[in-house]
Every structure is written in structure tokens, then in C-alpha cells.
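An overview of the molecular structure
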Amino acid sequence: MNIFYHIKNFADWITFDVFGIEQTTHLGDSVNFFIYDSIKIIILLLIINYFMAIVRHYLPVEKLRDFLASRKWYGLDYFFASVFGTITPFCSCSSIPLFIGFIEAGIPLGVTLSFLITSPLVNQVAVVLFAGLFGWKIMILYVISAMLLGIFGGFILGKLKLEKYVADYVWQIKSQKLEIKNNKEKFSALIKKFWHEGFDLTKKITSYVLLGIAVGATIHGYVPAGFFENYIKADNFFAVPIATIVAVPMYANAVGVIPIMQSLVEKGIPLGTAMAFMMAVVGLSLPEALILKRVMKIKLLAYFFGITTINIIILGYLFNAFVK
Amino acid sequence: MKIQVLGSGCPTCKKLFEITKQAVKELGLKIEVEYITDIQKIVEMGVMQSPVLAIDGKPAITGFLPDIEKIKETIKKFI
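Throughout what follows, the structure given in this document is the object of discussion. Residue positions are given per chain, counted from 1 along the sequence in the order it is written. Naming scheme: in the order in which they are written, chains are lettered from A and ligands are numbered from 1. Two thresholds apply to this predicted model, a pLDDT of at least 70 for residue-level local features and 80 or more for giving and counting side-chain atom pairs, whereas whole-chain, interface and lining totals are computed over all residues. To get the side-chain values, all heavy atoms of the structure are used, and hydrogens and water are removed first.

Right, let's get into the overall build of chain B. Regarding its fold elements, chain B presents 3 helices and 4 strands. Our radius of gyration is a C-alpha quantity, and the globule rule it is checked against amounts to 2.2 Å times the number of residues to the power 0.38. The globule rule puts the C-alpha radius of gyration for 79 residues at 12 Å, and the 11 Å found for chain B is close to it. Taken along the three principal axes of its C-alpha coordinates, chain B extends 30 × 25 × 20 Å. Residue exposure (1.4 Å probe, protein chains only): buried if accessible area is under 20% of the type maximum, exposed if over 50%, otherwise partly exposed. Classification of the 79 residues of chain B by burial places 48% in the buried group. Only four residue types enter the charge count: Lys and Arg as positive, Asp and Glu as negative, with His and the chain ends excluded. Here the site of a charge means atom NZ of a Lys, CZ of an Arg, CG of an Asp or CD of a Glu. Of the side-chain charges in chain B, 12 are positive and 10 negative, and the distance between the mean point of each set is 2 Å. In this text, helices come from DSSP runs of H or I with a minimum length of four residues, and strands from runs of E with a minimum of two, each type numbered from the N-terminal end.

Another point: the sheet that holds strand β1 (residues 3–6) of chain B. All names here are of chain B. Pairing between strands is defined by DSSP: at least two bridges between the two strands are required. If you trace the 4 strands from one edge of the open sheet to the other, you get β2-β1-β3-β4, paired in mixed fashion. The open sheet has two edge strands with one neighbour each: β2 (33–36) and β4 (58–62). Taken pair by pair, the neighbouring strands of this sheet meet at an average axis angle of 25 degrees, ignoring direction. In this structure, β1 lies alongside β2, joined through 4 bridges in parallel fashion. Opposite Gln-4, over in β2, you have Glu-34 as the bridge partner. Relative to the sheet, helix α1 (residues 11–26) contacts β1, β2 and β3 (52–55), its axis offset from that of β2 by approximately 175 degrees. Where helix α3 (residues 68–78) meets the sheet, its contacts fall on β1, β3 and β4, and the angle it forms with β3 comes to roughly 20 degrees. Note on method: axes are straight lines fitted to C-alpha atoms, helices fitted across the in-contact stretch only, with angles between N-to-C directions ranging 0 to 180 degrees. Note on contacts: a residue pair qualifies if any of its non-hydrogen atoms lie within 4.5 Å across the two residues.

All names here are of chain A. Judged by side-chain polarity, Trp-136, Ile-140, Ile-144, Leu-148, Phe-152, Phe-155, Ile-156, Leu-160 and Tyr-303 come together as a nonpolar surface patch covering roughly 800 Å² of accessible area. Residue contributions to the nonpolar patch peak at 7 residues, all from helix α8 (residues 136–159). Relative to the helices and strands, Phe-155 is located in helix α8. The partly exposed category is assigned to Phe-155, whose relative accessible area is 38%. Exposure above 30% relative accessible area and no salt bridge define the residues that can form patches, which grow by joining like charges within 9 Å and nonpolar side chains of Val, Leu, Ile, Met, Phe, Trp and Tyr within 5 Å. Per-residue accessibility takes into account occlusion by the displayed protein chains alone, with areas from the Shrake-Rupley method and a 1.4 Å probe. Salt bridges are defined as contacts in which a side-chain nitrogen from Lys or Arg sits within 4 Å of a carboxyl oxygen from Asp or Glu.

Residue and element names in this part refer to chain A. It is at 7 Å that the axes of helix α6 (residues 109–121) and α8 come closest, and there the two elements cross at 155 degrees. Between α6 and α8, the angle is such that the two are roughly antiparallel. Note on packing geometry: the crossing formed by α6 with α8 is right-handed. On α8, the residues that touch Gly-110, Leu-113, Ser-114, Ile-117, Thr-118 and Leu-121 of α6 are Tyr-142, Ala-146, Met-147, Leu-149, Gly-150, Ile-151, Gly-153, Gly-154, Phe-155, Leu-157 and Gly-158. Residues belonging to the contact of α6 with α8 are distributed by class as follows: 10 nonpolar, 7 polar and no charged. Geometric relationships in this document are graded by angle, where less than 35 degrees denotes roughly parallel, more than 145 denotes roughly antiparallel, 65 to 115 denotes roughly perpendicular, and other angles denote oblique. The crossing is said to be left-handed when, going from far helix to near helix, the turn is anticlockwise and less than a right angle, and right-handed when the turn is clockwise. Three residue categories are used. Nonpolar comprises Ala, Val, Leu, Ile, Met, Phe, Trp, Tyr, Cys and Pro, charged comprises Asp, Glu, Lys and Arg, and polar comprises the others, including Gly.

All names here are of chain B. Taking every second residue as pointing to the same face, both faces of β3 are buried, with Val-52 and Ala-54 on one and Leu-53 and Ile-55 on the other. Looking at chain direction, β1 and β3 are connected through 4 bridges and run antiparallel. Bridging across to β3, Leu-6 finds its partner in Val-52. Sheet analysis places β3 next to β4, joined by 4 bridges and oriented antiparallel. Looking at β4, one finds that Val-52 is bridged to Thr-62. Linkage of β3 to β4, two consecutive antiparallel strands, is achieved through a turn of 2 residues, within which Asp-56 is found at a positive phi near 50 degrees.

All names here are of chain B. If you trace the backbone, Thr-74 turns up in helix α3. As for Thr-74 and Ile-61, which are separated by 13 residues in sequence, their C-alpha atoms are 8.2 Å apart. Ignoring sequence-local partners within four residues, the contact set of Thr-74 consists of Ile-55, Ala-60 and Ile-61. By the criterion applied in these results, polar contacts are pairs of N or O atoms within 3.5 Å in which, for protein atoms, one can donate a hydrogen and the other can accept it, and in which residues neighboring in sequence qualify only through two side-chain atoms. A polar contact of 2.6 Å, which involves the side chain of Thr-74, links it to the backbone oxygen of Lys-70.

Attention now moves to empty space enclosed by the protein. Over the atoms rolls a probe the size of a water molecule, and its path tells where empty space is left. Residues and elements named next belong to chain A. Using protein atoms alone on a 1 Å grid, points that fit a 1.4 Å probe yet trap it form a cavity, whereas open point sets bounded by protein on both sides within 12 Å along at least five of seven lines form a pocket; residues with an atom within 4 Å of a point count as lining. Grid points are joined across faces, edges and corners, and a volume is the space filled by probe spheres set on the points. Considering all chains together, one arrives at 1 cavity of 30 Å³ or more under this definition. Those elements giving two or more residues to the lining of the largest cavity turn out to be α6, α13 (271–283) and α15 (298–322). Take the lining of the largest cavity: its biggest share by element is 4 residues, from α6. For the lining of the largest cavity, the per-class residue count stands at 8 nonpolar, 2 polar and no charged.

Let's shift gears to unusual backbone geometry. All names here are of chain A. At Tyr-74, a residue that is not glycine, the phi angle is positive and equals roughly 50 degrees. Here Tyr-74 lies in the loop between α3 (61–69) and α4 (76–87). By relative accessible area, Tyr-74 is classed as exposed at 70%. Although it is not a glycine, Lys-161 sits at a positive phi angle of roughly 55 degrees.

Here we come to the nonpolar core. Nonpolar core, defined: a set of buried Ala, Val, Leu, Ile, Met, Phe, Trp, Tyr and Cys residues in which side-chain atoms within 4.5 Å join the residues together. Formed by 86 residues in total, the largest nonpolar core has its most connected members in Phe99(A), Phe130(A), Met278(A) and Met279(A). In contact with Phe99(A), not counting residues within four places along its chain, are Leu109(A), Thr112(A), Leu113(A), Leu116(A), Val166(A), Val295(A) and Met296(A). Among the nonpolar cores identified, the runner-up in size contains 14 residues, and Ile3(B), Val5(B), Leu53(B) and Leu65(B) belong to it.

This next bit is on the side chain of Thr273(A). Residue and element names in this part refer to chain A. Inspection of the secondary structure assignment puts Thr-273 in helix α13. When its relative accessible area of 3% is taken as the criterion, Thr-273 is described as buried. Among residues more than four places away in sequence, those in contact with Thr-273 are Ala-239, Val-240, Ala-243 and Asn-320.

What follows covers the interface of chain A and chain B. Of the residues lining the interface, 22 residues belong to chain A; the matching set on chain B comes to 19 residues. Once two parts are put together, the accessible area they lose, assessed with a 1.4 Å probe and summed over both, is termed the buried area. When chain A packs against chain B, close to 1900 Å² is buried across both sides, 60% of that on carbon and sulfur atoms. At the junction of chain A and chain B, the tally comes to 0 salt bridges. Counting the contacts that link chain A with chain B gives 2 residue pairs in polar contact (both at pLDDT 80 or more). Here the side of chain A that touches chain B is composed, by residue class, of 12 nonpolar, 4 polar and 6 charged.

So, in C-alpha cells, the structure goes:
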């Protein structure tokens with residue numbers, strides 16, 4: 001079953017008939033790939049952004065926080081925090097208010113960190129890109145992996161009793177309770193609002209998505225198959241940790257990295273190695289560390305980065321070993 | 001009326017500040033838009049996502065960068 005069959009035909013028609021590019025050339029390969037992927041992904045983005053606008057309307061992050069803080073969860077809260085991390089939009093500019101907001105509400109530090117680990121790794125755009133470029137199976141495996149990273153990372157960090165390494169002022173902040181507005185909007189108005197929000201977001205990220213796909217398409221067309229195998233041997237034991245550690249200080253949005261990663265995998269880089277690299281780029285970065293340093297003492301920050309890095313490396317090995 | 005933009009200093013927050021200033025100008029209002037990067041202030045408002053556009057000390061838009069029309073609309077509601 002391939003629901004993208006018609007898009008493929010359309011992309012073929014545009015590239016080879018309308019543009020008249022020779023089918024077997026590098027250029028034809030790249031252009032065809034670019035048109036096909038762009039259309040497919042923008043359609044998927046429109047759909048998912050619409051649904052996410054609905055989810056966000058009914059489940060704002062304040063509600064999720066109150067849910068986590070409402071009672072003792074006996075460990076289940078790590079799981080919930082990670083799930084919530086996947087559905088909330090994440091901008092690194094929000095990580096501090098989120099961190100303080102969670103801690104201040106009485107949510108355990110480890111649970112808060114579970115949320116912080118998963119949140120940047122999974123968002124609807126990353127999900128669409130994975131589904132569109134790698135297929136549904138890899139997408140689901142990716143989301144589960146990112147959640148496991150959050151759950152285990154948060155759990156280990158929680159057990160280490162690192163509360164004393166949270167910046168002292170954080171414990172003193174008292175926020176006013178924000179009364180959650182419940183202005184009854186008409187259903188028809190809501191539907192319109194969701195559409196607008198979803199459309200606006202799609203519009204905003206389209207240029208980044210296209211840029212990522214363009215780079216990916218260029219690699220797809222011009223880099224010979226198996227090219228990278230000369231440099232990164234599939235059985236090179238150190239490839240995963242090296243890729244991860246190199247990627248930790250770097251930052252790029254998932255939007256730009258995933259299409260490039262897909263092309264690299266296609267040209268012979270093992271999936272686990274590429275995924276470890278991608279997760280480290282998206283999830284951990286120097287700018288993120290600098291932001292978090294305002295609420296974490298250096299020791300907590302080191303543990304947070306260290307444990308997450310190790311977990312990503314383990315995940316990379318597991319993918320290389322089990323996912324073909 | 002008091003208009004504030006609160007952010008943690010990220011590019012998105014700065015941009016919201018710029019657009020808000022522009023919106024105020026286009027509406028012909030004589031109001032200084034304040035830019036606050038003190039995170040405690042954001043948290044004290046009970047908000048967990050930045051940037052925040054606050055009017056009269058209450059958060060009006062949080063967590064995303066709206067376009068200028070949306071900002072104008074929001075400000076107009078308070079005039």
C-alpha cells in the first residue's frame with residue numbers, strides 16, 4: 001500500500017516531462033526526489049499541524065503540569081512526563097520557565113528532566129519527517145526511543161538525588177496561579193482557529209523543511225551509493241560514540257537535520273549511528289546548556305548531559321544491532 | 001495601558017519585542033513597550049512558555065510568535 005503513489009507520479013511527470021530532465025542524470029534524480037518529498041511532507045505537515053492545534057487547545061502545558069503535580073504517581077509520572085514532552089511544542093526559549101514551573105508545582109526533579117529530554121526530540125514536524133522519509137515503522141521506533149531516553153534518563157537522574165544542584169533561587173519562586181481562561185468559543189469558530197494555527201505553523205516552517213529536503217535531495221542525486229562506507233565502516237565500533245559526542249555541542253532543529261540524515265543513511269551510514277548523531281544534535285547543545293545553566297548548577301548540568309549522551313550512544317548501538 | 005514582552009533572551013523573544021513595537025506604532029498608540037528578560041518575572045506570572053506578550057501585567061499571548069495582525073488585534077481588545 002502506498003498512499004503516496006499519485007504524488008510520485010506527479011513528481012515524475014513534472015521532472016521528466018515538464019522540465020524535460022533526463023531520467024538517469026544526477027540532476028533528474030535530485031529534482032525528482034525534491035519535488036516528491038516536498039509535496040508529500042507539506043501535505044502531511046498540514047494535516048498533523050491541524051491536529052496538534054486541537055491537542056494544544058485542550059491540553060495546554062499548564063494543565064499537563066497540574067496533572068503531574070496532582071498526586072503521587074509512583075514512577076508512572078516519568079512515563080507521563082515523557083508522553084507530554086512529545087505533544088508539547090518545544091522552543092529552547094521555553095525550557096527555563098518550564099523547568100521552574102514544574103519544580104515550583106512540586107513535580108520531582110527527575111520527572112521534570114524526563115520531560116526536558118523528550119520534548120525537543122519529538123514534535124509533530126519530526127514525526128512527519130520520519131514518517132515521510134523513513135516510513136512508519138522507523139517513525140514509531142524513533143518516538144518510542146525518544147520516550148525511553150526521557151523515561152530512563154529522568155529516572156536515573158531522579159535516583160541520584162541531585163536536588164541540591166538546582167539553582168537555589170528556583171526553590172524560592174512562588175508563582176501566582178494563572179486562572180485558565182475558559183472562554184466558551186463556538187465550535188465553528190474553534191475549527192477555524194485550529195485551521196489557522198495549523199496553517200500558520202506550516203507556513204512558518206516550510207522554508208526550513210524545503211531547505212533540509214534540498215540538501216538531502218542533492219546528496220541523494222550526487223553522492224554515489226556506499227560513499228560513506230569508506231569513512232564510517234558499518235562495523236566500526238567507535239562510530240556511534242564519536243558521532244554522538246561530536247554532535248552534542250552542535251545545535252540544529254530536527255526539521256533541518258532529518259532529511260539530511262535520511263540521505264546519509266541511504267548512502268550507507270548505519271541507521272543507529274545517524275540517529276544517535278541526530279538525537280544529540282537536536283536534544284543536546286551548547287546553547288541549551290548555556291540556557292539551562294541559569295537554573296542548574298554545573299554538576300546537575302554535567303549529569304544531565306552526561307547521562308543523556310550515554311543513553312543516546314546505547315540507543316545507537318541497539319538500533320545498529322536490531323533495526324535493519 | 002502597559003505592554004510588556006517577556007522572554008529568556010532567545011531570538012524568538014526578541015522578534016516578538018520588535019513586532020510588538022511595530023504594532024504599537026502602527027496602531028498610533030503612545031506606549032513604550034517594555035522588554036523583560038528576567039525569568040523570575042515570567043514564572044511569577046504563572047506562565048511556562050516564552051515568549052510572553054503581557055498587557056497590564058496579564059499574559060495575553062504565550063509560547064509562540066504571532067504575526068503583527070494578531071498582535072494588533074490582541075492590543076485592541078484592551079484599549
